[in-house]
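Take a look at the letters that make up each chain.
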Amino acid sequence: MQKFSNQKINIPPKSVPPKTSHAASVPTDYVCDFCSGHHQNYKCSVFLKMNVDQRQAKLKEANLCFNCLRKGHRSAGCSSDKSCSKCSKKHHTLVHFEQQKATVQSTNTAKHHEVNQAVASFEEPVSSSCSSTSIPPGKQVFLMTAMVQLTAKNGQVHHVRALLDSGSQINLLAESAVQRLKLPKYPSTVPVIGVGGNRSQLHHKVVVPMSSNCSSFATNIECYTSPKVTGTIPSVRVNIDNWNIPPGIIMADASFHCPREIELLIGAELFFDVLKEGQIKLANRLPALYETQFGWVVAGSYAEQEEDNPVCANIALTDGLEECMQRFFNQEEISEPAMITTEEQRFEEHYQRTYRREKGGRFVVQLPFRDNVNQLGNSRSLALKRFLLLEKRLARNPDLKTQYADFIEEYQALGHCRRVHEDEDSPGTQSYYLPHHCILKPTSSSTKLRVVFDATAKTNGLSLNDVLMSGLISQSDLFTIVMRFRTHPIVITADVSKMYWQILVGPSQTRYQRIFWRNDSSEATKVLELLTVTYGTSAASFIAVRSMI
């Protein structure tokens with residue numbers, strides 16, 4: 001039980017805004033000058049992803065003030081009393097030149113070791129950084145931590161400790177949490193620059209529903225997966241018996257003062273959405289309380305410790321020389337293969353149990369349905385509506401219509417689809433109709449038009465992809481392929497023509513791959529069943545590669 005005394009609490013008067021408060025609620029009359037969204041310019045995710053040079057160019061293009069990021073005046077005539085937190089000059093911190101250096105500095109007062117870490121995308125650097133200066137002995141700095149709810153794939157709610165970090169442009173989720181939640185991972189490679197410029201990479205990202213323990217706040221958060229998010233926060237246990245936290249306060253992390261692991265990092269994309277206006281300063285030498293959608297968090301310095309403590313700055317923790325050297329030697333090691341999920345194991349077993357080969361050697365497979373396949377609704381009306389819209393588009397472009405018709409005719413001529421009559425279906429027969437459209441690539445030397453089948457179209461809240469299992473990535477990673485090229489003196493490469501079309505789907509399941517088509521609007525609409533593995537379905541990639549190897 002938290003103890004409280006009658007000591008007076010310094011609460012800033014409402015008429016004077018606290019110096020370090022952040023407003024997360026956005027009036028509806030704000031319109032972003034960069035993306036036209038309903039938020040202030042400095043909260044725009046498009047603007048935050050730019051480097052400093054791009055931000056400055058964007059401000060000049062939009063004729064915005066470099067200090068407050070608003071229209072109607074220059075920074076020299078800006079009435080705002082705010083200035084750059086880096087150099088105190090009359091410009092916004094987001095356009096300070098040093099902001100583009102994606103480095104993280106963390107200094108231990110006993111060892112004075114520096115650890116630099118930055119996260120980058122393929123097209124431009126992604127910053128995940130903040131700075132920490134030398135911390136004097138006896139001083140502890142608290143970072144914003146909160147307990148949040150993450151919903152697993154099966155609907156079960158898990159409580160995860162999160163770090164709120166406005167200096168990070170991405171969100172991170174520890175692999176331990178990904179495995180516990182049984183989340184499907186999507187390939188997404190992001191280079192990470194570490195100590196001395198050494199590069200490592202994050203290879204996957206996940207999307208997980210996140211909600212608050214004490215409010216109605218809920219959202220889907222996209223995170224990159226990492227073996228470890230950060231070090232233990234705080235570095236040592238702190239006695240808070242005399243802190244006089246006001247009664248009735250709901251703490252976002254009741255154990256904020258106890259060293260514990262962080263499994264989730266919430267970056268700038270959501271930081272200002274969860275931060276509210278409330279702020280309470282406990283005392284001169286104590287940190288402050290800030291109100292968020294998850295409850296009240298603690299942030300700031302606390303000077304009472306007698307011994308030197310490790311300092312954690314954002315996602316970097318000071319490391320000893322031995323650990324730094326160990327990481328250096330591990331750079332060239334081959335990473336361990338990802339753990340196989342339960343669903344991936346089930347998919348492999350299903351494939352082994354159900355596939356067969358015809359006399360000519362062609363594979364015949366069964367679609368790997370989940371247990372919720374019976375929840376698919378009526379997809380016919382949606383697919384027909386989208387086909388009629390496609391038909392109007394093709395009517396306005398005769399060349400495109402000709403290419404589209406040629407594709408469908410080739411599909412039928414090769415025996416990869418067949419016409420079916422719906423009146424021959426047995427009563428209660430379940431089927432799925434795939435909407436389709438085309439993608440043009442005039443620069444392609446082989447296929448300039450590609451028809452895409454949309455297996456994500458929803459029926460009763462579920463699509464075909466929602467009821468199909470997704471298999472393990474079977475193809476080799478780039479490192480393995482490059483090493484294989486360097487192993488042999490002669491290398492032969494080949495392109496498997498129409499690879500997916502070479503694999504047949506069992507006759508009893510082709511009804512889940514129906515499409516509408518007719519060559520002219522004066523004809524009756526025909527229903528075609530696709531007889532081969534269809535690209536666009538979540539199971540297609542695994543089935544194709546698994547059959548080939």
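Given the structure is predicted, the values throughout are model-derived calculations rather than measurements. (Residues numbered from 1 in each chain as written. Predicted model: local features only at pLDDT ≥ 70, side-chain atom pairs only at ≥ 80, totals over all residues. Heavy atoms only, no water.)

What follows covers the sheet that holds strand β16 (residues 356–357). Spatially, the three strands line up as an open sheet ordered β16-β17-β21, and their pairing is mixed. In the strand order of this sheet, the two ends are held by β16 and β21 (504–505), each with one partner. One ladder, built from two bridges, connects strand β17 (residues 363–365) with β21; its direction is parallel. Bridge pairing in β21 places Val364 opposite Leu504. (Pairing = 2+ DSSP bridges. Helix = DSSP H or I, 4+ residues; strand = E, 2+ residues; numbered from the N terminus.)

Let us now look at the sheet that holds strand β22 (residues 514–517). Taken in spatial order, the three strands of this open sheet run β18-β23-β22, and their pairing is antiparallel. Two strands lie at the open edges of the sheet, namely β18 (417–420) and β22, each paired on one side alone. Taking each pair of neighbouring strands and ignoring which way they run, the sheet shows an average axis angle of 40°. Where β18 and strand β23 (residues 526–530) come together, four bridges link them in antiparallel fashion. Bridged to Val420 within β23 is Val527. (Axes fitted to C-alpha atoms, helices over the stretch in contact; angles between N-to-C directions.)

To continue, consider the nonpolar core. With 52 residues, the main nonpolar core has Phe407, Phe453 and Leu464 as its most contacted residues. No other element matches the six residues that helix α8 (residues 398–413) contributes to this core. Sequence-distant contacts of Phe407, that is, excluding residues within four places in its chain, are made with Leu449, Val451, Phe453, Trp501 and Tyr535. (Core = buried A, V, L, I, M, F, W, Y, C linked by side-chain atoms within 4.5 Å. Buried < 20%, exposed > 50% of the residue type's maximum accessible area, 1.4 Å probe, protein only. Contact = heavy atoms within 4.5 Å.)

With seven of nine residues buried, helix α10 (residues 540–548) is to be regarded as a mostly interior element. Every buried residue of α10 is listed here: Ala540, Phe542, Ile543, Ala544, Val545, Arg546 and Ser547. If you follow the buried residues of α10, they end up packed against α6 (342–354) and β17.

The next subject is the packing of aromatic side chains. Aromatic ring pairs are described here by two measures, namely the spacing of the ring centres and the angle between the planes. Considering all chains together, one arrives at 22 aromatic pairs under this definition. Ring centres of Phe369 and Tyr512 lie 4.6 Å apart, and the angle between their planes is 55°; this geometry places the pair in the tilted category. With Phe369 in the loop between β17 and α7 (380–395) and Tyr512 in the loop between β21 and β22, this residue pair connects regions lying 143 residues apart in the sequence. Assessed through its relative accessible area of 16%, Phe369 is described here as buried. Take Tyr512: its relative accessible area is 5%, and that puts it in the buried class. Between Tyr411 and Trp501, the ring centres sit 4.5 Å apart and the planes meet at 65°, which makes this aromatic pair edge-to-face. Within this pair, whereas Tyr411 is found in helix α8, its partner Trp501 is found in the loop between α9 (478–487) and β21, the two being separated by 90 residues in sequence. Given a relative accessible area of 1%, Tyr411 falls into the buried group. Judged by its relative accessible area of 4%, Trp501 falls in the buried class. Ring pairing ties together the aromatic residues Phe407, Tyr411, Phe453, Tyr500, Trp501 and Tyr535, which thus form one cluster. Sitting over the ring of Phe47, Arg55 keeps its end group 5.8 Å from the ring centre. Above the face of the Tyr535 ring, Arg450 is positioned so that its terminal group lies 4.7 Å from the ring centre. (Phe/Tyr/Trp six-rings, centres within 6.5 Å; stacked < 30°, edge-to-face > 60°. Lys NZ or Arg CZ within 6 Å of the ring centre and 35° of its normal.)

Moving on to the pattern of salt bridges. As enumerated under the stated definition, the model contains 19 salt bridges in all. A salt bridge links Glu343 to Lys153; the shortest N-O distance between them is 2.7 Å. Placement of Glu343 in helix α6 and of Lys153 in the loop between β4 (145–151) and β5 (157–164) is noted, with a sequence separation of 190 residues between them. Glu343 sits in the buried class, given a relative accessible area of 14%. In this structure, a network of salt bridges that share partners links the residues Arg418, Asp425, Arg514 and Glu529. (Salt bridge = Lys/Arg side-chain N within 4 Å of Asp/Glu carboxyl O.)

We now examine the packing of α6 against α10. Two packed helices can be described by the angle between their axes and the distance between those axes. Packing of α6 against α10 brings their axes to within 12 Å, and their N-to-C directions diverge by 55°. In terms of orientation, α6 lies oblique with respect to α10. In the packing of α6 onto α10, the handedness of the crossing is right-handed. Across the interface between the two elements, Phe347, Glu348, Tyr351 and Gln352 of α6 pack against Phe542, Ile543, Arg546 and Ser547 of α10. A per-class count over the contact of α6 with α10 returns four nonpolar, two polar and two charged. (Parallel < 35°, antiparallel > 145°, perpendicular 65-115°, else oblique. Left-handed = near helix turned anticlockwise from the far one by under 90°. Nonpolar A, V, L, I, M, F, W, Y, C, P; charged D, E, K, R; others polar.)

Our next topic: the side chain of Ser212. Tracing the chain through its elements places Ser212 in the loop between β8 (199–211) and β9 (218–226). A polar contact of 3.3 Å, which involves the side chain of Ser212, links it to the backbone nitrogen of Ser215. Leave out the neighbours within four places in its chain, and Ser212 touches Gln149, Phe217, Gln293 and Phe294. (Polar contact = N/O pair within 3.5 Å; in protein donor to acceptor, adjacent residues only side chain to side chain.)

Keep in mind that these numbers describe shape and distance, not what the molecule does.
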